[in-house]
Amino acid sequence: MNFHDTVDCFLLTRSHRDFRGTFEMTFHAVTTSGATARIVIDNYRPLFFVPQSVPPSLTRLCAERADRGLRAMDGTSVDCCYFSTWASYLECVRLLRSQGIPAFESDVHPVDRYLMERSVKGGFEMRCDYPEKAHHLEVRNPHIRGKDVPFNLRVLSLDIETNADTGQLYSIAFSGRNNSAFIIGDMENRPEIVFCSDEVDLLKKAFNALRKEDPDVIIGWSIVDFDLRVVQERCELHKIPFRIGRESVAAVIEVGQGDTVRRIARVPGRVVLDIPVMLRTHYSTFEEYSLEHVAQTLLGKHKIITKTDREKIDEINRLFAQDKLLLARYNIEDAVLTREIFETTKILPNAVERVKRSGHLLDRPGGSIAAFDYLYLPRLHRAGYVARDVADVEKPAVPLSGGYVMESKPGIYENVLVCDFRSLYPSIIMTFMIDPLGYASKSDKRITGPVGPSFAREETILPKIISELMIARAEAKKAGNPYLSQAIKLLMNSFYGVLGTPACRFFSHDLADTITGTGRHILKETVRHIEKTTGYDVIYGDTDSLFILLGKGFEDRAGEIGAEIAAEVTAWLRHEIRERFKAYSTLELEFETHFRHFFMPTLRGGTQGSKKRYCGAVEQNGKLILHFKGLESARSDWTALAKEFQHEIYMRVFTGKPVEEYILSVVKKVKEGIFDDKLVYRKRLRKSLNDYAGHAPPHVQAARLLDSPRHSIAYYITREGPQPREKRTAPLDYNHYIDTQLKPIADSILEWTAHDFDSIVTGQQDMWG
């Protein structure tokens, strides 16, 4: 047997417990050679910190209390309290809190602390003895340290079919290395289809097949809220262990806490990814998140059964009774479509890169505050300090200020340049050394920016973290790794939001206001500088972007002018900041876009320019491509016809084509019912139907007519009010669509021409128009 000193792993799941008087952590990982590893750590003691003035009697539950030379950020000397068990840890925290005594970092989970102290961000190196060809490793208390490792995770897509009325399982399908379905019935097995005698037989055979497939990642469509939840409930009914993981203990689907209650899957050794959740996390936007809609949009494919609501339920019940083979194939097809969407959208490489930067597990989307802790706390400890608990953060007395949004100059323009400050808030943090520790530091060497308090020039952490991330992002771009580049960008841009929320232990009203206040100052000064030195008008600005009007005749030189302005502003800022603040500017203005045509509307019903709403036309290969921001075409709650109508109207106005005949044609076809399929509204239910009190909005009224409403409601406005698409019985209210979907869109841009919607439609346009 050959043994090695180190093995590279990628972390999949983690758990903890008190066992025989000791705190024990269990990690499941997969090695770079494809083996699985179960790692038990029972020599690590949970810890937190207390002021040295706290009497020993109040920390009597700890196994050891020691002075490690650490201080709180306000200068208070603290001791480190170590605990043998998680129960004693929690009881001591409760005791201290009951006496009004602060505990520092007592809300940092010991498993998180163990991993962050070792810089484990997905990948890690483990020193231990192990058989070279072992398929599974059992390791206790190895030496672990973070390491960027390659990964090759095995993925299995899971889908179930049920009797929606009784909850009974009909079938379970997998799509991984092979496709298969297990279905109740007395027929002879087919390739890919296994028939089972009853529900118990179905569960056992499916579990055996899953363990044989041995995936690292299980994916599914609403797999946590539906598929695995149902399977767990059926296991409980039949008293069958819900063992789909890599341990003898059962998996658990439990309800998480918080304002938005959601279920969480805990499957030892296997990551569970809910595809709709991951799509939203990775900024894939769809009008609705049904499998049918996303598969059609992304893949150009349809489910075998495309009916919805009660008709779909009835069809599945019919197939189970009359055509089990087709139901099994339908089940397999859903699993296959889910896997193809997963692969097409690159969810896994995106998620892995986020893990490598945030320290989260694969199945934990979001979590900016936890990621900030993960990066900041170990460096804070090395600097000799500890942080407070989140419970000790004071809530802000006044709201935080936002970014600068300039009053726009509405109108239709030609040749507008868009210049953006690259990573504005992270650059401000680096330039002016904005940092929680630097703010608290008593150092005499300080920097004061254009607004806000001063910060230490040397005793800082966050500017160094951002600098490292900036370098890493540049390397990722150079290496052609868009997933890593995007992960780093999202992480850096989250830092301001983290410092600006009381849910973060490092929250500071002063820090957050300093960042946004400095941003507002820089944008305003840059606008003045550009207008003074170039003579061009800045017609709009928003947080980190400026819209510069060149006007007619600059079509061929617009890109060159944009690059020149960006370079000159960057150099000017570097000089100004060096002279005024004795600081090195990392602020960089970049030329982003040349809009050949540009439209900024007024506020509806007024003359004041709107904010965060515009349309620009980019010329590519002789064709105009429209980009909408904040307008109807960019919103999911407007109809398809409204978006199509807006696109064509704007294109005609930009290019000088007549609009009258087009508008009259669209209105005529609406009244004739030709566009009925484009008049569907879609809107998500944000809460339970019972939670909507008083006069409910239209989508809620429509949802109440459905037998089993989904999260996204597709509905029409009829002459009898809102009705769901699946159950429409009344004629459509065409006047509603003309007045609320077509007229506002047309008038928003026609007010800058010699036309208006009503005059065109009624044929009474002023002859002197």
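This text goes with the structure placed above it.
Residues numbered from 1 in each chain as written. Predicted model: local features only at pLDDT ≥ 70, side-chain atom pairs only at ≥ 80, totals over all residues. Heavy atoms only, no water.

Re the packing of helix 18 (residues 660-671) against helix 20 (residues 734-750)
Here's step 1: Direction vectors running N to C along helix 18 and helix 20 enclose 165 degrees, while the axes themselves pass 10 Å from each other. Judged on the interaxial angle alone, helix 20 and helix 18 are roughly antiparallel. Note on packing geometry: the crossing formed by helix 18 with helix 20 is right-handed. Of helix 20, the residues touching helix 18 (which contributes I663, V666, V667, V670 and K671) are Y734, I738, L742, A746 and L750. (Axes fitted to C-alpha atoms, helices over the stretch in contact; angles between N-to-C directions. Helix = DSSP H or I, 4+ residues; strand = E, 2+ residues; numbered from the N terminus. Parallel < 35°, antiparallel > 145°, perpendicular 65-115°, else oblique. Left-handed = near helix turned anticlockwise from the far one by under 90°. Contact = heavy atoms within 4.5 Å.)

Structural notes on the sheet that holds strand 22 (residues 537-542)
Here's step 1: Read from one edge to the other, the open sheet built from six strands follows the order 22-23-19-24-25-26, with strand pairing classed as antiparallel. Only two strands of the sheet have a single neighbouring strand rather than two, namely strand 22 and strand 26 (623-629). Strand-to-strand twist across the sheet, computed as the mean angle between neighbouring axes with direction ignored, equals 35 degrees.
Here's step 2: Examined bridge by bridge, strand 25 (residues 614-620) and strand 26 share seven bridges and lie antiparallel to one another. In the strand pairing of strand 26, Y614 is matched with K629.
Here's step 3: Packed on one face of the sheet, helix 15 (residues 509-534) meets strand 19 (411-421), strand 22 and strand 23 (545-549) and runs near 20 degrees to strand 23. (Pairing = 2+ DSSP bridges.)

A few points about the nonpolar core
Side chains of nonpolar character tend, in soluble globular proteins, to be buried together.
Here's step 1: Grouped together as the largest cluster of nonpolar side chains are 116 residues, with contacts concentrated most on L380 and F506.
Here's step 2: Looking at this core element by element, the count peaks at nine residues for helix 16 (residues 558-581).
Here's step 3: Once residues lying within four places of it in the same chain are set aside, the contact partners of F506 are M73, F372, D373, Y376, L377, L380, A387, R388, P436 and L499.
Here's step 4: V659, V670, Y715 and L732 belong to the second largest nonpolar core, which has 50 residues in total. (Core = buried A, V, L, I, M, F, W, Y, C linked by side-chain atoms within 4.5 Å. Buried < 20%, exposed > 50% of the residue type's maximum accessible area, 1.4 Å probe, protein only.)

Looking at the packing of aromatic side chains
Here's step 1: Counted under the stated rule, the structure contains 31 aromatic pairs.
Here's step 2: Ring plane angle 20 degrees and centroid distance 5.8 Å describe the contact between F27 and Y114, whose orientation is recorded as stacked. Linking F27 in strand 2 (residues 22-31) with Y114 in helix 2 (residues 110-117), this pair joins segments that are 87 residues apart in sequence.
Here's step 3: The exposure class assigned to F27 is buried, which follows from its relative accessible area of 2%.
Here's step 4: Here the aromatic residues F23, F48, F83, W86 and Y89 are joined through ring pairs into a cluster of three or more.
Here's step 5: Geometry around Y289 places R280 over its ring, the cationic atom sitting 4.1 Å from the centre.
Here's step 6: The side chain of R728 reaches across the aromatic face of Y716, ending 5.2 Å from its centre. (Phe/Tyr/Trp six-rings, centres within 6.5 Å; stacked < 30°, edge-to-face > 60°. Lys NZ or Arg CZ within 6 Å of the ring centre and 35° of its normal.)

Looking at the packing of helix 13 (residues 462-478) against helix 14 (residues 482-499)
A pair of packed helices is characterised by two quantities: the angle between their axes and the separation of those axes.
Here's step 1: The geometry of helix 13 relative to helix 14 is characterised by a closest axis approach of 8 Å and an angle of 155 degrees between their N-to-C directions. For the element pair helix 13 / helix 14, the angle class is roughly antiparallel. By crossing handedness, the relation of helix 13 to helix 14 is classed as left-handed. Of helix 14, the residues touching helix 13 (which contributes L462, I465, I466, L469, M470, A472, R473, A476 and K477) are L484, S485, I488, K489, L491, M492, F495 and L499.

Regarding the sheet that holds strand 1 (residues 6-19)
Here's step 1: Read from one edge to the other, the open sheet built from six strands follows the order 8-3-2-1-7-9, with strand pairing classed as mixed. Strands at the two margins of the open sheet, each flanked by one partner only, are strand 8 (136-140) and strand 9 (143-146). With strand direction ignored, the average angle separating the axes of adjacent strands in the sheet is 35 degrees.
Here's step 2: The sheet contact formed by strand 2 and strand 3 (residues 36-41) spans six bridges and is antiparallel. By the bridge assignment, F27 is partnered in strand 3 with I39.
Here's step 3: Lying on the sheet, helix 2 is in contact with strand 1, strand 2, strand 3 and strand 9; it crosses strand 2 at an angle near 55 degrees.

Examining the environment of K611
Here's step 1: Within the secondary structure, K611 sits in the loop between strand 24 (589-600) and strand 25.
Here's step 2: C-alpha of K611 to C-alpha of Q723: the two residues are 112 residues apart in sequence and 33 Å apart in space.
Here's step 3: Not counting chain neighbours up to four residues away, the residues in contact with K611 comprise V405, M406, E407 and Y540.

A look at the pattern of salt bridges
Here's step 1: All told, the structure shown has 45 salt bridges when counted by the stated rule.
Here's step 2: With a closest N to O distance of 2.7 Å, R14 and D112 form a salt bridge. Placement of the pair is R14 in strand 1 and D112 in helix 2, with a sequence separation of 98 residues.
Here's step 3: Two residues, E644 and K678, come together in a salt bridge whose shortest N-O distance is 2.8 Å. Of the two residues, E644 is situated in helix 17 (residues 640-655) and K678 in the loop between helix 18 and strand 27 (681-684); the sequence distance between them amounts to 34 residues.
Here's step 4: For E644, a relative accessible area of 36% corresponds to the partly exposed category.
Here's step 5: When its relative accessible area of 22% is taken as the criterion, K678 is described as partly exposed.
Here's step 6: What emerges from the salt-bridge pattern is a single network uniting R154, D214, D216, R246 and R270. (Salt bridge = Lys/Arg side-chain N within 4 Å of Asp/Glu carboxyl O.)

Let's talk about the pairing of strand 17 (residues 271-274)
Here's step 1: Of the two faces of strand 17, both are covered, the one formed by V271 and L273 as well as the one formed by V272 and D274.
Here's step 2: Bridging between strand 14 (residues 217-220) and strand 17 involves four bridges; their strand directions are parallel. Looking at strand 17, one finds that I218 is bridged to V272.

Observations regarding helix 17
Residues separated by three or four positions in an α-helix point in the same direction, a consequence of the helix having 3.6 residues per turn.
Here's step 1: When the terminal C-alpha atoms of helix 17 are compared, their 23 Å separation across 16 residues agrees well with the 22 Å that a helix rising 1.5 Å per residue should span.
Here's step 2: Looking only at helix 17, the buried set comprises L641, A642, K643, F645, Q646, I649, Y650, M651, R652, V653 and F654.
Here's step 3: Just downstream of helix 17 lies G656, where phi reads positive at about 75 degrees. (Expected span 1.5 Å × (residues − 1).)

Description of the pairing of strand 10 (residues 155-162)
Here's step 1: The element strand 10 is largely enclosed, with a buried count of eight among its eight residues.
Here's step 2: Burial along strand 10 is two-sided: the face carrying V155, S157, D159 and E161 and the face carrying L156, L158, I160 and T162 are both buried.
Here's step 3: Looking at chain direction, strand 10 and strand 14 are connected through three bridges and run parallel. Within strand 14, the position partnered with V155 by the bridge is V217.
Here's step 4: Between the antiparallel neighbours strand 10 and strand 11 (residues 169-175) lie six residues, among them G167 with a positive phi of about 85 degrees.

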